[in-house]
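# Inside the fold
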Amino acid sequence: MGDRDILTLVGAIVHSLELGKLMMIERGAIFTQDGLILRIVDLNEPPLTTLEEQVQELQKTTTGKVIVQDFGENLIVPGFIDTHCNAPQYVFTGTGMDLPLLQWLEKYTFPCESRFKDEEFARKAYKRSVKAHLANGSTFCSYFATIHSPAAIALAEVCQELGQRAYIGKVSMDRNSPEGYIEETGKGCEDAEQFVRAVLAKSVEGAAFLKSVDEGGESPALMNNKETPLILPAITPRFVPTCTAEMMRELGRIGAKYGVPMQSHLSENKDECAWVASLHPEISGYAKVYNEYGLLNDKTCMAHCVYSDLEERKLMKANGCGVSHCASSNFSLCSGVMDIRVFLNEGLKVSLGTDVAGGYSCSMLDAMRQTLTASIVSSIRRRDANAENKEKEGAEENSL
Ligand code: GUN
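Okay, so let's go over this structure. Since we're looking at a predicted model, the values are computed, not measured.

Moving on, we come to the environment of glutamate 205. By the element assignment, glutamate 205 lies in helix α6 (residues 204-215). Under the relative-accessibility criterion, glutamate 205 is labelled partly exposed at 31%. Sequence separation between glutamate 205 and glutamate 396 is 191 residues, and the spatial gap between their C-alpha atoms is 67 Å. Look past the residues within four positions of glutamate 205 in its chain and what remains in contact with it is Glu227 and Pro229.

Below you can see the structure in the form of structure tokens.
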């Protein structure tokens, strides 16, 4: 296909315009050029416009060809967005599901991730991982890599080569981590900033942005516009238990300096929450710890949030922080059931994540199914709790 060619996809188009609002076109055409949508046409809409007429009209606007791919009655949907997955963990997907989070990290995850010190191994594994997500329809993934910068840069290159939009997080961890898979604080912070710079420098837009940051001038918008680089680096403290206050503070500073996305884990598991409380008795709340160090803002996405109470949710909402709901992983690691409806009713931004390999599948369709199951479980719990309360109230009234 040439640059000026217009690729036309024809079929049943389904697209979510906003939460709760679905656009469905039984027979429609999407005209694209150079990867961008030119227009979407309802071919059944009166006055009836035939596909041939549309093609003829568009042909006048380009020196290229109009290429039509007709999928008949099949659905055409936008690419899936996976807001939380661990690229290195793909290598043990679907295994090691016998332990809860903290023991699972120690027994399976950290030993697996340590192997990514070997850049050649990492590149091979990352190719498989990214291909698996793409094959399942995820055109965007927000990845956690490992603490190893060369391997994380290799992941960015793999995504670029394979054409997947991605946030790439070089993981930061400088405490409570095994020997051989832990960073020294100063070096870890330096690596985190150098990683951000290295990934930004890989795109024309990112390099221009870096230049303006360095010159202290007006920086061009890096995110949320047409010029957003395909690949962006993300500040990625693994979670509070593995990051010292010093490291979190420095990561917050780097995030603010470059305005890049941030991601971490929050309130996933009861033992983890208790551990955070014992590590930070001076701060009353898990999310507050991130907030204290400048890691909770409108570019942050926190994964899990199973045990986020009202106060925590209010703080996230006030800061514009998003949530990645990872239902499959929450079931597999017996973490708990996150009640997504509560978050949505309170106006928080919620997205879905596969959380491979806490979750056993790269498929966002699977993530959606598991989300539905989690929501059904939550609604049953709510119904039964209401009934129990009513019964109790009745019993109290009778005893008066
Ligand atoms: N918390 C800290 N690290 C991890 C991880 O790799 N996966 C999950 N699910 N939770 C975590």
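Moving on, we get to the site of the ligand. In the vicinity of the ligand, the residues found are Gln89, Leu101, Trp104, Leu105, Arg238, Phe239, His265, Glu268, His304, Ser329 and Asp355. One of the side-chain nitrogen or oxygen atoms of histidine 304 is found 3.5 Å away from a nitrogen atom of the ligand. Aspartate 355 places a side-chain nitrogen or oxygen 2.8 Å from a nitrogen atom of the ligand. With the chains in place, 100% of the 280 Å² that the ligand exposes on its own is no longer accessible. Its residues placed into classes, the shell around the ligand shows 4 nonpolar, 4 polar and 3 charged.

On to the sheet that holds strand β1 (residues 6-18), then. Strand pairing in a sheet is mediated by backbone hydrogen bonds. Such pairs are either parallel or antiparallel. Strand order in the open sheet made by the 4 strands is β3-β2-β1-β4, with mixed pairing throughout. Of all strands in the sheet, those with a lone pairing partner are β3 (36-42) and β4 (66-76), marking the two edges. Across this sheet, the average inter-strand angle for adjacent strands is 40°, counted without regard to direction. Relative to β3, strand β2 (residues 21-33) runs antiparallel, the two being bridged by 6 bridges. In the sheet register, glycine 28 faces β3, and the bridge partner there is aspartate 42.

Tyr126, Tyr143, Leu155, Ile168, Tyr258 and Tyr290 are the most contacted members of the largest nonpolar core, which has 85 residues in total. If near-sequence neighbours (up to four positions away) are discounted, tyrosine 258 is found in contact with Glu193, Val196, Arg197, Leu200, Phe209, Leu210, Val213 and Leu222. Among the nonpolar cores identified, the runner-up in size contains 10 residues, and Phe31, Val41, Leu58 and Val66 belong to it.

In a packed pair of helices, the relevant descriptors are the angle between the two axes and the axis-to-axis distance. Following both chains from N to C, one finds helix α5 (residues 185-200) and helix α7 (residues 245-258) inclined at 20°, their axes separated by 9 Å at the closest point. Taken together, the axes of α5 and α7 are roughly parallel relative to one another. Crossing of α5 over α7 shows right-handed handedness. Between α5, through Thr185, Gly188, Cys189, Ala192, Glu193, Val196, Arg197 and Leu200, and α7, the contact on the second element is made entirely by Glu246, Met247, Glu250, Leu251, Arg253, Ile254, Lys257 and Tyr258.

What follows deals with helix α2 (residues 101-114). Side chains that are three or four residues apart share a direction in an α-helix, a result of its 3.6 residues per turn. Along α2, the largest kink reaches about 35° and is centred on tyrosine 108; proline proline 111 follows within four residues of it. For α2, every residue scored as buried is listed here: Leu101, Leu102, Trp104, Leu105, Tyr108, Thr109, Phe110, Cys112 and Glu113. Among the structural elements, α8 (270-279) are those in contact with the buried residues of α2.

On to the pairing of strand β10 (residues 300-304). Of all 5 residues in β10, 5 are buried; the element is thus mostly enclosed. As defined by bridge partners, strand β9 (residues 262-266) adjoins β10 across 5 bridges and the pair is classed as parallel. Bridge assignment links leucine 266 to a residue of β10, and that residue is histidine 304. For β10 and strand β11 (residues 322-325), the ladder comprises 3 bridges, and the chain directions are parallel. Counted as the bridge partner of alanine 303 is serine 324 from β11.

Bringing the environment of histidine 325 into the picture now. Mapping histidine 325 onto the fold places it in strand β11. The class of histidine 325 is buried, set by a relative accessible area of 1%. Separated by 211 residues in sequence, histidine 325 and serine 114 place their C-alpha atoms 26 Å apart. Filtering out sequence-adjacent residues up to four positions away, histidine 325 remains in contact with Asn330, Met338, Ile340, Val350, Ser351, Leu352, Gly353, Thr371 and Ala374.

Our focus in this paragraph is the packing of aromatic side chains. All told, the structure shown has 6 aromatic pairs when counted by the stated rule. Measuring from ring centre to ring centre gives 5.0 Å for phenylalanine 116 and tyrosine 126, while their planes differ by 40°; the resulting arrangement is tilted. A residue pair is termed long-range when its members are at least 10 positions apart, and phenylalanine 116 in the loop between α2 and α3 (119-135) and tyrosine 126 in helix α3 qualify at 10 residues. Residue phenylalanine 116 is classed as buried on the basis of its relative accessible area of 1%. Put simply, the rings of Phe116, Phe121 and Tyr126 touch in pairs and so form one group of aromatic residues.

Conventions used here
Residues numbered from 1 in each chain as written. Predicted model: local features only at pLDDT ≥ 70, side-chain atom pairs only at ≥ 80, totals over all residues. Heavy atoms only, no water. Helix = DSSP H or I, 4+ residues; strand = E, 2+ residues; numbered from the N terminus. Buried < 20%, exposed > 50% of the residue type's maximum accessible area, 1.4 Å probe, protein only. Contact = heavy atoms within 4.5 Å. Near = heavy atom within 4 Å. Polar contact = N/O pair within 3.5 Å; in protein donor to acceptor, adjacent residues only side chain to side chain. Areas by Shrake-Rupley, 256 points an atom, 1.4 Å probe, with all protein chains shown as cover. Nonpolar A, V, L, I, M, F, W, Y, C, P; charged D, E, K, R; others polar. Pairing = 2+ DSSP bridges. Axes fitted to C-alpha atoms, helices over the stretch in contact; angles between N-to-C directions. Core = buried A, V, L, I, M, F, W, Y, C linked by side-chain atoms within 4.5 Å. Parallel < 35°, antiparallel > 145°, perpendicular 65-115°, else oblique. Left-handed = near helix turned anticlockwise from the far one by under 90°. Bend = angle between axes of the 7 residues up to and from the residue. Phe/Tyr/Trp six-rings, centres within 6.5 Å; stacked < 30°, edge-to-face > 60°.

Worth remembering: the numbers are spatial, not functional.
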